[in-house]
Amino acid sequence: MPVERSKLLSMIEAARWAPSSKNEQPWRYIIFTNDNPEKLMEAQSVLLESNAYAKRAPILICAIAKKNYSEGGKYNRLHFHDLGAANENMFLEAFNQGLIMHEMGGFDVQKAIKVFNIPEDFEIGVMIAIGYQDKYTVLPERFREKAFSPRERRKLSEIAYVEEIGKGLE
Ligand SMILES: Cc1cc2nc3c(=O)[nH]c(=O)nc-3n(C[C@H](O)[C@H](O)[C@H](O)COP(=O)(O)O)c2cc1C
């Protein structure tokens, strides 16, 4: 099922407003949709087999980040941090719009650099698939469990410490 252009725009708008170091806004998004199936297929070709399910999505995005500050040209060690923040904004807006967004690190980076013609001063972060949730029954069996099982996270005390590492917040 295609995704409405207004929803895509509101997701990108959400990403656009993320905070970033020195307000560099290092994120860039190369967007492919089923408006142009040929180009979408080309973009899908960088995905690893483990992420083949994402080929069902009507939107595929290559998310990249500029490595150096525009002013002065120094290395921006926070470029990926800031890309992640923008991606998360996009993620939350996707859910707000009733969509599913999935970030993927499982793709052929070298191939992606060629396919998407990524300039030297940019680094590829993730591929992003966006679409409406498939029904349980149309999902290939090996993806069903993952898509519909309860979500899991570390305990609070494992990720938040009081005053020293290891002294978990209760
Ligand atoms: C940067 C990043 C890369 C990811 N790469 C993949 C991937 O290549 N394939 C995949 O199936 N899931 C990928 N995921 C999804 C994570 O596996 C998923 O977020 C995690 O298991 C927690 O599941 P939940 O988000 O559904 O709670 C990625 C998530 C992030 C944030």
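Going by the structure above, here's the rest.
Criteria and thresholds
Residues numbered from 1 in each chain as written. Predicted model: local features only at pLDDT ≥ 70, side-chain atom pairs only at ≥ 80, totals over all residues. Heavy atoms only, no water. Axes fitted to C-alpha atoms, helices over the stretch in contact; angles between N-to-C directions. Helix = DSSP H or I, 4+ residues; strand = E, 2+ residues; numbered from the N terminus. Left-handed = near helix turned anticlockwise from the far one by under 90°. Contact = heavy atoms within 4.5 Å. Nonpolar A, V, L, I, M, F, W, Y, C, P; charged D, E, K, R; others polar. Salt bridge = Lys/Arg side-chain N within 4 Å of Asp/Glu carboxyl O. Buried < 20%, exposed > 50% of the residue type's maximum accessible area, 1.4 Å probe, protein only. Expected span 1.5 Å × (residues − 1). Arc of directions from axis to C-beta. Near = heavy atom within 4 Å. Polar contact = N/O pair within 3.5 Å; in protein donor to acceptor, adjacent residues only side chain to side chain. Areas by Shrake-Rupley, 256 points an atom, 1.4 Å probe, with all protein chains shown as cover. Domains from an automatic or database assignment.

**Q** Please set out the packing of helix α1 (residues 5–16) against helix α3 (residues 79–96) residue by residue, giving values where relevant.
**A** Between α1 and α3, the shortest axis-to-axis distance is 7 Å and the interhelical angle comes to 145 degrees. Of the two elements, α1 crosses α3, and the hand of that crossing is right-handed. Contact residues: α1 offers S10, M11, I12, A14 and A15, while α3 offers A86, N89, M90, E93 and A94. Class assignment of the residues belonging to the contact of α1 with α3 gives a composition of seven nonpolar, two polar and one charged.

**Q** Report on the pattern of salt bridges, specifying residues and quantitative values.
**A** Summed over the entire model, instances satisfying the criterion amount to six salt bridges. Residues E158 and R154 are paired through a salt bridge, measuring 3.5 Å at the closest nitrogen-oxygen approach. By relative accessible area, E158 is classed as partly exposed at 40%. Judged by relative accessible area, which is 61%, R154 ranks as exposed.

**Q** Describe α1, with residues and values.
**A** With 12 residues, α1 extends 16 Å between its outermost C-alpha atoms, agreeing within 8% with the 16 Å of an ideal straight helix rising 1.5 Å per residue. All of the buried residues in α1 are K7, L8, M11, A14 and A15. Viewed along the axis of α1, the buried residues span an arc of 120 degrees, placing them on a single side of the element. Exposed positions of α1 whose direction lies more than 90 degrees from the buried face are R5 and S6. Of the surrounding secondary structure, the elements contacted by the buried residues of α1 are β1 (27–33), β2 (59–66), α3 and β4 (122–131).

**Q** Give me unusual backbone geometry: which residues, what numbers.
**A** What you tend to see is this: most non-glycine residues have negative phi, and most peptide bonds are trans. Residue N23 is not a glycine yet carries a positive backbone phi of 50 degrees. Examined against the element boundaries, N23 turns out to sit in the loop between α1 and β1. Owing to a relative accessible area of 52%, N23 belongs among the exposed residues under this scheme. Of note, the phi angle at Q25 is positive, near 50 degrees, even though the residue is not glycine.

**Q** Quick one: what's the story with the site of the ligand, residue by residue and with numbers?
**A** N51, Y53, H102, E103, M104, G105, G106, V126, K146, R151 and R153 make up every residue found near the ligand. Between the ligand and E103, the relevant distance is 3.2 Å, taken from a nitrogen atom to a main-chain nitrogen or oxygen of the residue. G106 is positioned such that a nitrogen or oxygen atom in its backbone is 2.9 Å from an oxygen atom of the ligand. Protein chains shield 53% of the accessible area of the ligand, which is 620 Å² for the free molecule. With three residues, the single largest contributor to the shell around the ligand is strand β3 (residues 100–104). Its residues assigned to classes, the shell around the ligand shows three nonpolar, four polar and four charged. Counting the residues that make up the shell around the ligand, at least three belong to each of domain 1 (5–133) and domain 2 (135–170).

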